[in-house]
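Here are the chains, one letter per residue:
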Amino acid sequence: MSTQQLAGTSRPERDEQPDPHWGEPHPLHDPWILANFQARPTDVLITTAPKAGTTWMQQILHQLCTGGDEAFEDIDDVVPWLERQRPPQTWRQVLEAFEALATPRLFKTHCTWEQTPGRDIARLILTVRDPRDCCISFYHHLMDMTDSALACHGLERPASLDAHVDAWLGFGAWFRNLASWWPQRERDNLLMLRYSDLKADLPAAITRIADFLGWPLTPQTCERAAHLSSFAWMKANSQRFAGRNADGSPMFRPGGFIRKGETGDHKTQLTPDQEARILRRCRQELPAECLAYLGLG
Ligand code: A3P
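Small disclaimer: the values here were computed from a predicted structure and weren't measured.

Q: Could you clarify how one ought to interpret the side chain of asparagine 245 in this entry?
A: Within the secondary structure, asparagine 245 sits in the loop between α13 (231–236) and α14 (272–285). Exposure remark for asparagine 245: the relative accessible area of 10% places this residue in the buried category. A polar side-chain atom of asparagine 245 sits 3.3 Å from a polar atom in the side chain of serine 148. Once residues lying within four places of it in the same chain are set aside, the contact partners of asparagine 245 are Thr146, Ser148, Ala149, Pro250 and Met251.

Q: I keep staring at the packing of aromatic side chains and nothing clicks. Help me out?
A: For any pair of aromatic rings, the description rests on two quantities: the centre-to-centre distance and the angle between the ring planes. One pass over the full model with this rule turns up twelve aromatic pairs. When the centroid spacing of 4.9 Å and the interplanar angle of 70° are considered together, the rings of phenylalanine 98 and phenylalanine 107 count as edge-to-face. The buried category is assigned to phenylalanine 98, whose relative accessible area is 4%. On the basis of relative accessibility, which here comes to 0%, the residue phenylalanine 107 falls in the buried class. Each ring, one from phenylalanine 138 and one from phenylalanine 171, has its centre 6.4 Å from the other, and the planes form 85°; the classification is edge-to-face. Here the residue phenylalanine 138 occupies a position in helix α6 (residues 131–144), and phenylalanine 171 occupies one in helix α8 (residues 161–171), the gap between them amounting to 33 residues. Of the residues examined, phenylalanine 138 reaches a relative accessible area of 13% and is grouped as buried. In this structure phenylalanine 171 comes out as partly exposed when scored by relative accessible area, which is 33%. Among the aromatic residues, those joined into a ring-pair cluster are Phe37, Phe98 and Phe107. For the cation-ring pair, arginine 194 lies above tyrosine 293, with the distance from its terminal atom to the ring centre recorded as 4.1 Å. The side chain of arginine 240 reaches across the aromatic face of phenylalanine 72, ending 5.2 Å from its centre.

Q: So what exactly am I meant to see when it comes to the state of the cysteines here?
A: Here a disulfide denotes one covalent bond, and it connects the sulfur atoms of two cysteines. This model, assessed by the stated rule, comprises zero disulfides. Looking at cysteine 111, it has no disulfide partner, and the nearest cysteine sulfur is the one in cysteine 134, 17 Å off. Counting only cysteine sulfurs, cysteine 111 is the nearest neighbor of cysteine 152, a cysteine outside any disulfide, at a range of 19 Å. Cysteine 152 sits in the exposed class, given a relative accessible area of 51%.

Cut-offs used in this document
Residues numbered from 1 in each chain as written. Predicted model: local features only at pLDDT ≥ 70, side-chain atom pairs only at ≥ 80, totals over all residues. Heavy atoms only, no water. Helix = DSSP H or I, 4+ residues; strand = E, 2+ residues; numbered from the N terminus. Buried < 20%, exposed > 50% of the residue type's maximum accessible area, 1.4 Å probe, protein only. Polar contact = N/O pair within 3.5 Å; in protein donor to acceptor, adjacent residues only side chain to side chain. Contact = heavy atoms within 4.5 Å. Phe/Tyr/Trp six-rings, centres within 6.5 Å; stacked < 30°, edge-to-face > 60°. Lys NZ or Arg CZ within 6 Å of the ring centre and 35° of its normal. Disulfide = S-S within 2.5 Å.

Shown next, in the form of structure tokens:
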């Protein structure tokens, strides 16, 4: 997109129709950003369903890219959320800010494959996590958010875990996201990793990521990136990851957001019936190979 277009007050012609791939709109998503974002081959897009380890991958990539940076204040400043509305900023101002980011630009997105702009141009890192853990993580996300943050995001605190499981299944983002990305997993410009792979051996996962991106990696850089991306470091620095309200106040209560960071957390929290509802939906919406990859087969 040219600076002239960005500076204009009327929308460019191709904005007149919504993106045909837009599909399910999300109240926080800005379709104009998605319709007008110009990807570069050096861009890296972190693509995840909510609560699948998005922020962890933001931190890993930022640390790999910089060789170790402890000076940033908010991870979203250095690895922005691509499609997120940012009032009072207009979509043009958001895109202008994206244009000014240093190369390689890093972004996170919760878009489906079809919604993701630049999906054939940028490098894509897909992180997937057990849906039962994502569901539980989302529950605590809502329980730990401050009232003002909930209101600002148009969210509500669930009345119970059971009500949350129903709402999470109804929202369906986890299923929509993986059903759309799974068929793309063999693409040359895509690397798929499981949250459990990162948990099992973080330095090995970091090495895979650096290899995929063609970024040089010394043992020292790998060790430093792993240290700064460890759960302990991120928990101790959680104010850099948990976001702030417009008035600067924290979006989460202390201990929230960078919360527990475990695989299999659902085992102590979901009832057999709640788990069965999630697994039934998985079998309805995803191929057996995908379920086996996630250990759900
Ligand atoms: P829990 O709520 O299960 O603890 P997202 O960034 O997609 O919203 O995902 C948030 C989840 O990733 C939270 O899961 C959070 O604790 C976990 N997470 C963040 N950083 C992590 C790290 N360094 N190691 C393990 N898990 C991490």
